[in-house]
Amino acid sequence: MDRKLLDILACPASKQPLDLLNPAELAAINAAIGNGGLPRNDGSQQVEPLKEGLITRDHKTLYRIDDGIPVLLVDESMATALIADFPR
């Protein structure tokens, strides 16, 4: 993801800056997805593994990136509190 774009993106709910997921965070998320899915805020399940994603500075909310496009919809965000082994 382009660094200039990343510098201006913010969480639409909390207005916190967003960072790219690091490899350990991405692995934990994909493990949770592989274990039956990860609930989104709208109640649907994220069943496809993520190739990349964005996370709020407080590491509580994550957003997926689909084909290089950040999906910054609050309803489709996911809470890291639901991931047992999420690195903090």
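Draft legend 1. The overall build of the protein chain, seen in detail. Looking only at helices and strands, one finds 2 helices and 7 strands in the protein chain. The C-alpha atoms of the protein chain give a radius of gyration of 12 Å, which matches the 12 Å a tight globule of 88 residues would have. A principal-axis box enclosing the C-alpha atoms of the protein chain has dimensions of 35 × 25 × 25 Å. Put simply, the protein chain has 88 residues, and 38% of those count as buried. Looking at the protein chain alone, contacts between residues at least 24 apart form 52% of all its contacts between residues at least 6 apart. Carbon and sulfur atoms form 54% of the exposed surface of the protein chain, whose accessible area is close to 5100 Å². Computed over 9 positive and 13 negative side-chain charges, the inter-centroid distance for the protein chain is 5 Å.

Draft legend 2. Structural detail: the pairing of strand β5 (residues 61–66). As judged from the 3 bridges shared by strand β4 (residues 53–56) and β5, these two strands associate in the antiparallel manner. Bridging across to β5, Gly 53 finds its partner in Arg 64. The antiparallel hairpin formed by β4 and β5 contains 4 residues in its connecting segment, where His 59 sits at a positive phi of about 60°. By the bridge criterion, 2 bridges tie β5 to strand β7 (residues 78–79) in an arrangement that is antiparallel. Paired with Leu 62 across the two strands is Met 78, which belongs to β7. Sheet topology places β5 next to strand β6 (residues 69–70); 2 bridges connect them, and they run antiparallel. Residue pairing across strands places Ile 65 opposite Pro 70, the latter belonging to β6.

Draft legend 3. Quick peek at the pattern of salt bridges. Taken as a whole and assessed by the stated rule, the structure comprises 4 salt bridges. Residue Asp 19 pairs with Arg 57 through a salt bridge whose shortest N-O separation is 3.0 Å. Taken as a pair, Asp 19 in strand β1 (residues 18–20) and Arg 57 in the loop between β4 and β5 lie far apart in primary sequence, 38 residues in all. Judged by relative accessible area, Arg 57 falls into the partly exposed class, the value being 47%. For Arg 64, the salt bridge goes to Glu 76, with nearest N and O atoms at 2.7 Å. Pair noted here: Arg 64 is in strand β5 and Glu 76 is in the loop between β6 and β7, with a separation of 12 residues, a long-range link.

Draft legend 4. View of the confidence of the model for the protein chain. Put simply, the protein chain has an average pLDDT of 93, and 99% of its residues get 70 or more. No element of the protein chain has a lower mean pLDDT than helix α1 (residues 3–8), at 82, and none a higher one than β4, at 97.

Reading the values: the criteria
Residues numbered from 1 in each chain as written. Predicted model: local features only at pLDDT ≥ 70, side-chain atom pairs only at ≥ 80, totals over all residues. Heavy atoms only, no water. Helix = DSSP H or I, 4+ residues; strand = E, 2+ residues; numbered from the N terminus. Rg over C-alpha atoms; globule rule 2.2 N^0.38 Å. Buried < 20%, exposed > 50% of the residue type's maximum accessible area, 1.4 Å probe, protein only. Contact = heavy atoms within 4.5 Å. Areas by Shrake-Rupley, 256 points an atom, 1.4 Å probe, with all protein chains shown as cover. Lys, Arg positive; Asp, Glu negative; His and termini not counted. Charge placed at Lys NZ, Arg CZ, Asp CG, Glu CD. Pairing = 2+ DSSP bridges. Salt bridge = Lys/Arg side-chain N within 4 Å of Asp/Glu carboxyl O. pLDDT = per-residue confidence, 0-100.

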